[in-house]
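The primary structure of each chain is shown beneath.
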Amino acid sequence: MTKHRSEVDIAIVGAGAAGLGAARAATDAGASFIVLEALPRIGGRAFTDSARFGFPWDLGCHWLHSADVNSFTALADRFGIAYRSEPSAWLTMSGGRALDDRETQDLDAYLDVSATAIQAAAASGRDVALPEVLDLASRWAPSLRRGFAAEWASEIEWLSTMDVAGYRDTNQNWPVSGGYGEIVARLAAGIPVQLGTRVQQIDWNGDGVRIDTSAGTIRAAAVIVTASTSALAAGTIAFAPDLPAAVQEAFAALPCGRAEKVGIAIDKRWLGVSDYLSMSVEPAGPRGMSFQFAEAGRDFANAYIAGDLCDELDAEGPGGMEAAAIDALLGVIGGEARRAIGAVHRTNWRAEETILGSYAAALPGKAGARAVLREPVGDRIFFAGEALHPEFYSTCHGADESGWSTARAALAALGALPA
Ligand SMILES: Cc1cc2nc3c(=O)[nH]c(=O)nc-3n(C[C@H](O)[C@H](O)[C@H](O)COP(=O)(O)OP(=O)(O)OC[C@H]3O[C@@H](n4cnc5c(N)ncnc54)[C@H](O)[C@@H]3O)c2cc1C
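The model shown is predicted, which means the values in this text are computed figures rather than measured ones. (Residues numbered from 1 in each chain as written. Predicted model: local features only at pLDDT ≥ 70, side-chain atom pairs only at ≥ 80, totals over all residues.)

Section: the site of the ligand
Quick note on the threshold: By convention here, the C-beta atom is placed from the backbone, and a residue is near a molecule or strand when that atom is within 6 Å of it. Here a strand is any run of E in DSSP of at least two residues, a helix any run of H or I of at least four, and the numbering for each starts at the N terminus. Lys, Arg, Asp and Glu make up the charged group, whereas Ala, Val, Leu, Ile, Met, Phe, Trp, Tyr, Cys and Pro make up the nonpolar group; the residues left over, Gly among them, are polar. Domain boundaries shown here were taken from an automatic or database domain assignment.
Of all residues adjacent to the ligand, which total 42 residues, the nearest are Gly14, Gly16, Gly44, Cys61 and Gly385. Elements supplying a minimum of two residues to the shell around the ligand: helix H1 (17-28), strand E14 (259-266) and helix H13 (396-413). Residues of the shell around the ligand, tallied by class, amount to 20 nonpolar, 17 polar and five charged. When residues of the shell around the ligand are assigned to domains, at least three fall in each of domain 1 (8-43 + 188-255 + 358-413) and domain 2 (86-167 + 258-351).

As structure tokens, then:
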């Protein structure tokens, strides 16, 4: 079916959820393709490490977001990968103690009013920074900031009302104790991926594309690029000729924020729980983070740190993030527990050169950027990935669906599928 003098119909850049979704669609359609991945492993931001702690630890995605309408829920069932479908108990710790019932109600009411204000702004077409529609004088504003940073990996000043309002959240978010990255790895079985191959330049002069990589040159009729918007904005892949200005502006309008994890091995008796517990911890000042304790009964605490706090802790030097997570943990369970702490590991998605962050959110006024990237360039350069899904952006299943539908569109453009 190859139209041009190409080695393959489609080259797919990236073997994360989007690239693997595209590869499955290409396989389905009987097209020839190649998947090029810079890292020495598949999965991208979906990666379960089972070696570090002796049980599955997701460095990236872990929650089946909107799980009741998430295609990966059925896949977890099919592969026998465990997840939890009931909500865990949730505690908010502020100033060293748990909020009482009355305070929790007040906080929830404030968050509801804030969510309504964002939806109302979006409904009236106001694409502005969240602070423009929020009451930040409230005593609960630090909790709201922490919550938005955790969900969007960015500070509220850099988030767009329309983008936040456009995300489809069914409020069913289920953690995958067997490893979300493991689901993606199982989906990849049988898909040929050329690992350790970094795409350096995509030349789209003339027919098809010529792709220069660290391991040689490949010609394809079309290319699907699934690198993160931050990697693309940073120019990690050169395009010849340059991409249209609108496309380059859309990369910049969708920066990947920061979200990192610190895994802490600790006997759950010190955590004071026998079953799974989620907790947000708000010490004095803006250094809030959240924890998950004893998931699946494990002797383990997972800290989730997001937004500007990641940069601040990294600026403190090596070990700064781990130390802050341990301090926050001990602030809750008591300093005595320090001697019970075993292995500690952190993620560093910002330092991953072909990813450069966690997940993308549109800047204020730029909610339309996602749609710009869904349009192909010259009918042979297609973009896919978490940032491009129309409603499940920032998620793994959104990335997979984006990859799948983009491959179908690319194959249709090549005449291999009905348009
Ligand atoms: C800390 C954290 C927590 C998260 N939690 C959740 C969660 O609970 N639930 C959820 O649904 N989502 C979550 N996410 C988001 C989710 O992991 C991502 O949205 C999704 O995995 C992105 O998939 P992708 O295919 O779009 O991009 P990626 O996974 O980044 O895949 C792109 C791939 O392209 C490769 N690449 C880039 N440039 C090149 C190049 N030049 N040459 C060759 N290869 C290249 C990269 O190495 C990468 O492997 C989380 C992410 C992080 C970081």
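A word on helix H2 (residues 71-79)
Defined as follows: For the exposure call, what matters is how many other C-beta atoms sit within 10 Å of a residue's own: 20 or more marks it buried, 12 or fewer exposed, and in between partly exposed, using C-beta atoms placed from the backbone. An arc is given here, and it is the one of the directions from the helix axis to the C-beta atoms. What counts as a contact is two residues whose backbone-derived C-beta atoms lie within 7 Å of each other.
Buried within H2 are the following residues: Phe72, Thr73 and Ala76. The buried residues of H2 occupy one face: seen down the axis, they fall within an arc of 110°. For H2, exposure combined with an orientation more than 90 degrees from the buried face picks out Ala74, Asp77 and Arg78. The secondary structure elements touched by the buried residues of H2 are strand E5 (63-64), helix H6 (180-187) and H13. One or two positions beyond H2, positive phi appears at Gly80, with a value near 70°.

Quick look at the environment of Gly415
By secondary structure assignment, the location of Gly415 is in the segment after H13. Among the residues examined, Gly415 registers 11 C-beta atoms within 10 Å and is labelled exposed.

Observations concerning the sheet that holds strand E17 (residues 300-306)
Basically, it comes down to this: Think of it this way: DSSP has to see at least two bridges between two strands before they count as a pair. For every element, the axis is a line fit to its C-alpha atoms; helices are fit only across the contacting stretch, and the angle between N-to-C directions ranges from 0 to 180 degrees.
Read from one edge to the other, the open sheet built from seven strands follows the order E7-E6-E15-E16-E17-E14-E18, with strand pairing classed as mixed. The sheet terminates laterally at strand E7 (97-98) and strand E18 (341-346), the two strands that pair on one side only. One ladder, built from six bridges, connects strand E6 (residues 89-94) with strand E15 (residues 277-282); its direction is parallel. Bridging across to E15, Ser94 finds its partner in Glu282. The strands that helix H10 (residues 308-315) touches are E14 and E17; relative to E17, the one it contacts most, it runs at about 105°.

What to know about H1
Threshold: A helix is expected to span 1.5 Å multiplied by its residue count minus one.
With twelve residues, H1 should reach 16 Å at 1.5 Å per residue; the first-to-last C-alpha distance of 16 Å fits that figure. The set of residues buried in H1 consists of Ala17, Ala18, Gly19, Leu20, Gly21, Ala22, Ala23, Ala25 and Ala26. Once H1 ends, the next one or two residues include Gly30, with phi positive near 75°.

Re the nonpolar core
Short version of the rule: We define a nonpolar core as a collection of buried residues of the types Ala, Val, Leu, Ile, Met, Phe, Trp, Tyr and Cys that are connected via C-beta atoms lying within 7 Å of each other.
Within the largest apolar cluster, 129 residues are counted, with the highest numbers of intra-cluster contacts made by Ile10, Ala11, Ile12, Ile224 and Ala325. For Ala11, the contacting residues outside a window of four places in its chain are Phe33, Ile34, Leu36, Val209, Ile211, Ile218, Ala220 and Val223.

Details of the domain arrangement of the chain
Domain boundaries in the chain define domain 1 (8-43 + 188-255 + 358-413) and domain 2 (86-167 + 258-351). Grouping the constituent residues of the side of domain 1 that touches domain 2 by class yields seven nonpolar, two polar and two charged.

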